[in-house]
Amino acid sequence: MKNLCKSATCFLTILFTFIGTVLPLEASEKSVSEPVKVGYYEDGDYMSRNQHEEYVGYNFEFLQEISKHSGFLYDVIDAVSWESALQMLIDGDIDLLPAVYYTEERASQMLFSTQPMCNIYTTLNVRPDDQRYNYDDFEAFQGMNVGIISGGIDGENFKAFCQEHGITLKIHEYDETDKLLAALDNGTLDGVAITHLGKNSTFRSVAQFSPSPLYFVVSRQREDVLEYLNRAMNDIMLGNPGYEMDLYDKYLAPSANQKPVFTNEEQDFIREAGTIVASYDPDFAPLSYTEPGTGKFTGVTSDILNFIAESSGLQFRFEAHPQAEALKLLEEGNIDVLCVSDGDYLWDRRNQINSTIYFLRSPTAMVTRTGNEKIIRLAQPEGYQLSEDVKKDNADMDIIYYPSAKACLEAVNSKNADAAFMNTQVASYYLEEERFNDLSAAPLSMYNNDLCVGVSFLADQRLFSIINKCVKYLPRDQIDTSLINYMAKGSQFSIGDLIRQHMAAVILVICLILGIIIFLISHNLKVALRSNQRIQELLYKDDLTGLYNINGFYKKWGELAHEKDRGYYALLYSDICQFRLINDHFGFGVGDEVLIGLAGILRKNQCDKELCGRVSADNFVILMNYTDWEKLLIRLEAILKQLDLWRQEKTGIPYQIGMVYGAYLINPSEETGIQQMMDFSNYARRNAKNNPNHFVMCYDEKMRQQAIFQQELENRLDSALSRGELEVYYQPQVDMETGQIISSEALIRWNHPEKGLLMPGAFIPLFEKNGMVTAVDLWLFEDVCRSMRKWMDQDITVLPVSCNFSRLHFEQPDFPEHLSAIADRYRVPHQLLIVEITESAIIEDPAVIETLLPKLKQKGFLVAIDDFGSGYSSLGQLQHLTADVLKMDRSFIVHGIRAKREQTVIRNLIHLAKELGLMVICEGVEDQEQADILLKLNGRLAQGFYYYRPVKKEEFESIAYSK
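The model shown is predicted, which means the values in this text are computed figures rather than measured ones.

J.: Help me out: how do you make sense of the overall build of the protein in this one?
T.: Along the backbone of the protein there are 36 helices and 38 strands. Out of the 963 residues belonging to the protein, those deemed buried represent 48%. Of note, the protein has its 90 positive side-chain charges centred 4 Å away from the centre of its 135 negative side-chain charges.

J.: Explain the pairing of strand 9 (residues 170-174) here, please?
T.: Working note: regular strand, side chains alternate between the two faces of the sheet. Bridge analysis of strand 8 (residues 145-149) against strand 9 gives five bridges, and the strand direction is parallel. If you follow N145 over to strand 9, its bridge partner there is K170. Regarding the hand of the β-α-β motif, the stretch spanning strand 8, helix 6 (residues 153-164) and strand 9 is right-handed.

J.: Sorry if this is basic, but what is going on with the environment of S341 here?
T.: Take S341: it is sitting in strand 17 (residues 337-341). For S341, a relative accessible area of 2% gives the class buried. Along the chain, S341 and N691 lie 350 residues apart, while their C-alpha atoms are 49 Å from each other. Once residues lying within four places of it in the same chain are set aside, the contact partners of S341 are D348, I353, S355, D450, L451, C452 and G454. In terms of polar contacts, S341 uses its side chain to reach the side chain of S355, at 3.4 Å.

J.: How should I be thinking about the confidence of the model for the protein in this particular structure?
T.: Segments scoring low in pLDDT should not have their predicted coordinates read at a detailed level. Per-residue confidence for the protein averages 86 on the pLDDT scale, and 92% of its residues sit at or above 70. When the elements of the protein are averaged for pLDDT, helix 1 (residues 2-29) gives the smallest value, 41, and strand 6 (residues 111-112) the largest, 96. Scored below 50 in pLDDT, residues 1-30 shows eight contacts in the model against residues more than four places distant or in partner chains.

J.: What am I meant to see in the sheet that holds strand 14 (residues 288-290) here?
T.: Consider a sheet: its strands pair through backbone hydrogen bonds, and that pairing is either parallel or antiparallel. Strand order in the open sheet formed by three strands is 13-14-15, with antiparallel pairing between adjacent strands. Of all strands in the sheet, those with a lone pairing partner are strand 13 (283-284) and strand 15 (297-298), marking the two edges.

J.: I keep staring at the environment of L451 and nothing clicks. Help me out?
T.: The topology assignment puts L451 in strand 23 (residues 439-456). Accessibility expressed as a relative area gives 1% for L451, which makes it buried. In this structure, L451 is in contact with L287, V340, S341, D342, Y358, F359, L360, S362 and N423, ignoring residues within four places of it in sequence.

J.: Looking at this structure, I do not really get the state of the cysteines. What am I missing?
T.: In protein structure, a disulfide is the covalent linkage between the sulfur atoms of two cysteines. By the definition in use, this model includes zero disulfides. Note on C785: no disulfide assigned, nearest cysteine sulfur contributed by C803 at a separation of 7.0 Å. According to the relative accessible area criterion, C785 is buried, its value standing at 0%.

J.: Is there a simple way to explain a nonpolar patch on the surface in this structure?
T.: A surface patch of nonpolar side chains, amounting to about 710 Å² of accessible area, comprises V509, I510, I513, L514, I517, I518, I521 and L525. For I510, the position within the fold is in helix 20 (residues 503-540).

J.: Please explain unusual backbone geometry as it appears in this structure.
T.: Trans peptide bonds make up the majority, and among non-glycine residues the majority have a negative phi. The residue after A285, namely P286, is reached through a cis peptide bond having omega 5 degrees. On the secondary structure map, P286 appears in the loop between strand 13 and strand 14. Positive phi, close to 55 degrees, is recorded for Q578, a residue that is not glycine. Tracing the backbone shows Q578 in the loop between strand 24 (569-576) and helix 22 (579-586). Residues other than glycine seldom take positive phi values, yet D795 does so here, at roughly 60 degrees.

J.: I'm lost on the sheet that holds strand 26 (residues 619-625) in this one. Help?
T.: As summarised here, the arrangement of the five strands in space is 25-26-24-27-28, forming an open sheet in which the pairing is mixed. Two strands close off the open sheet at either side, each with one partner strand: strand 25 (611-616) and strand 28 (696-698). In this sheet, adjacent strand axes meet at a mean angle of 20 degrees when their direction is disregarded. Note that strand 25 and strand 26 share five bridges and pair antiparallel. Along strand 26, the bridge assignment pairs R614 with F620. Sheet contacts for helix 21 (residues 550-561): strand 24, strand 25, strand 26 and strand 27 (659-666); angle to strand 25, the most-contacted strand, approximately 150 degrees.

J.: Please clarify how helix 31 (residues 846-858) should be interpreted in this entry.
T.: Residues lying three or four places apart along an α-helix face the same way, a consequence of the helix completing one turn every 3.6 residues. Taking 1.5 Å per residue as the helical rise, helix 31 with its 13 residues ought to reach 18 Å, and the 19 Å between its terminal C-alpha atoms agrees with that figure. Listed in full, the buried residues belonging to helix 31 are I849, L852, L853 and L856. Buried residues of helix 31, seen end-on, are gathered within an arc of 120 degrees and therefore sit on one face of the element. Away from the buried face of helix 31 by more than 90 degrees, exposed residues A847 and Q858 are located. Check the buried side of helix 31 and you find it contacts helix 29 (815-825), strand 33 (833-838), helix 30 (839-844) and strand 34 (862-868).

J.: I'm lost on the packing of aromatic side chains in this one. Help?
T.: To describe a pair of aromatic rings, you give the distance between the ring centres and the angle between the ring planes. Enumeration according to the criterion identifies 43 aromatic pairs in this entry. An angle of 50 degrees between the planes, with centres 6.3 Å apart, marks the rings of Y58 and F62 as tilted. Taken together, the residues span about one helical turn, with Y58 and F62 both in helix 2 (residues 58-70) at a distance of four residues. Each member of the pair, Y58 together with F62, is buried. An aromatic cluster of at least three residues, connected via ring pairs, comprises Y133, F138, F141, F158, F161 and F209. Taking NZ or CZ as reference, K555 lies 5.5 Å from the ring centre of Y540, over its face. The ring of Y729 is capped by R749, whose NZ or CZ atom sits 5.2 Å from the centre of that ring.

Rules and cut-offs
- Residues numbered from 1 in each chain as written.
- Predicted model: local features only at pLDDT ≥ 70, side-chain atom pairs only at ≥ 80, totals over all residues.
- Heavy atoms only, no water.
- Helix = DSSP H or I, 4+ residues; strand = E, 2+ residues; numbered from the N terminus.
- Buried < 20%, exposed > 50% of the residue type's maximum accessible area, 1.4 Å probe, protein only.
- Lys, Arg positive; Asp, Glu negative; His and termini not counted.
- Charge placed at Lys NZ, Arg CZ, Asp CG, Glu CD.
- Pairing = 2+ DSSP bridges.
- Right-handed = clockwise from strand over helix to strand, strands pointing away.
- Contact = heavy atoms within 4.5 Å.
- Polar contact = N/O pair within 3.5 Å; in protein donor to acceptor, adjacent residues only side chain to side chain.
- pLDDT = per-residue confidence, 0-100.
- Disulfide = S-S within 2.5 Å.
- Patch = residues over 30% accessible without salt bridge, like charges linked within 9 Å, V, L, I, M, F, W, Y side chains within 5 Å.
- Areas by Shrake-Rupley, 256 points an atom, 1.4 Å probe, with all protein chains shown as cover.
- Salt bridge = Lys/Arg side-chain N within 4 Å of Asp/Glu carboxyl O.
- Axes fitted to C-alpha atoms, helices over the stretch in contact; angles between N-to-C directions.
- Expected span 1.5 Å × (residues − 1).
- Arc of directions from axis to C-beta.
- Phe/Tyr/Trp six-rings, centres within 6.5 Å; stacked < 30°, edge-to-face > 60°.
- Lys NZ or Arg CZ within 6 Å of the ring centre and 35° of its normal.

So, in structure tokens, the structure goes:
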């Protein structure tokens, strides 16, 4: 009977497992029949548009993940405001709206997701410089002018909060978040009560209340969407139960922009507390250790405690104690704080500790001697819960306690122990030492270190509250940076190591270097005596303009930076727009005259304690006194006007010479190095060059994040190419008279595992600058050839495909041969492949491109000029270029083609191109009216959203080749 029950139980388990596995797979193959219309309004880190007009934020990343699991596509509908979006959902004008609080009234009007998308709270925020209010300072809140979002639950939560605490104030309702925050920023409001704003907020949060879940809601007309939404959210949470927290950390966790706010009672404690005694482990690097030479407390936790001190005003005195000794001192009340504590609630209770939320979660490593397979004796650092967990799980082994992690490694190295379990970062740091070369570390998944700050039970409860609050506001990226910096210090190869390993060679090199140094010093002293002034000029002055060179600029800044009464400055990095064209069209002599003329204007506009210099080519750096942004703009505009007047009087250049500037604002207490500040201003300059609406831009946090994002893309490209994250989309090109597809253009997309689908504008300009675009272009070309070969093997009559190539390819003389080799590898006829190059690339380097285009033609490839008419006119170049296709830039159509004047230009351009034997494709056709006008103007071929959007390869195959 027992065997029968066991068999039945086994059968049912297998059956349910099969059902649970197969049915979700079958369900996931289905999808919503039409795109889901998602409501959008500007809502900070929850949802917004980035500089590429892409929708970003917590809500959209969650939607992208849902889309992966459900298969449905979505279109974004701009509802402008929260109230409008909610009403559109009720009326059925949109299908789905994220981030909605639950109420019974709403439940009767719309459908709520089963799972919440996050749990969030309402906050009362004030301006960062408004020090009238402390945290939960109910008395100070009386009489405030507070704004809320009209119709929002967070506003109702705030009203209930005020009633609960007897707060009487004036409430003002706004329909849009942007308007609400602008009113706070300009002083119209004292505060705003709104759902937690996210990590990009700079406001002070002086109250937090009403934690509540936020849901996705669906229109009652789209019950089909709710089914797929719930199933997808269940799949996401089962696959990654911490998904909501991952998104919270990414978008909503505190950042460097935000600081903790304390209650009146906590402020009283900070004023009265005196010095707080904190203990650190002197041999727990890189997390905490005593710096050799200085004897000072240093490491990651040193930075964390300094952050706590700066954020709160607490004063700490640090004492070095092994962890076990520190626990006894804590229990006796002789110290107040442990810089590192790794215990859970039971460990805390046994050792009379209150641990904060963790600031770092680290894995554990097992360290052993190389080749040692038998482990009997374990060396463990005393005073850490990790050691107690290891002892409990390895009762059959001999556990030997040592006062520190470093002592444990020495025990393993000297064969007094076989292995040691410890924090991975600590193990990695010490194993960089030469004496531990015979040891190796293996990561373990069974133990995790949640590292916290520990506060004594005997200490005032307010001390724990203050430190815990500061740890909560500790920026995660700051911890990562600190950890990387200290790990790098530990991996530095010391001079002592070098000498010990290569004693004879080092002595020989030192003697040689000393001999060379003595000779050079003697020679240089003789030269210095003859022409010291000339040397100074060579070192610190630019030969062409007479301004400081980069060395001179650094030197003068060093003198200004140490002045006691130094004020605010703006550091500007500038260059001359299209300076290369000036050299190409008018000669290098005229280009040098422009540089000299600009230098004279900068020198003339220089005030007391200001600097200017030329760092390279047409790049100038300027240090100006700074009071406010408007006055800075007026000075820079005056320089532009003077430069234009000089141009008219002194040169034959027929157009105005433009300039762009990047600015970095320097405050009197600035500690950032001059090189890094110049990097910041140069980065802002590059952003200004890409933004035609601004000739000067100021470096800010958003630019830093963009730089980090771009660096991540650069680092990830190789793996993206190998993992298939890049994908080719095809946009058909059609005959407008018949509607027949005649060819297509291959376009690149990046399915980034964290950022979602990236459009070319997010990464191609970056790769164009660093040269990595050539690898992307060739990958796309090879993928196109591979697909065409597949279609031809299926007896499909393949249509021509055009591929874009950067001008960087044309700097390689063997570029035509390289393309031929790829096409021949897949046996694709060359006449089916169109090589596209943009008009702007031709203008930048016409001679080189004119040389290579005939070679491409000789190989049988077709050549297309893309974006024709988007920049400076290249009509004169057409007669020299052996092209087959002219793609008329979409700007001709976007700017309007109804007027007779515009139609005359387009008609004559089409006529000229056809007379030269070029096929003309009109880009950017988006409606029937545009198509009809272009047909009347003798334009027959088109590419645009009116006919087809870019689609995946499988969809294009269905569109273009299905019978």
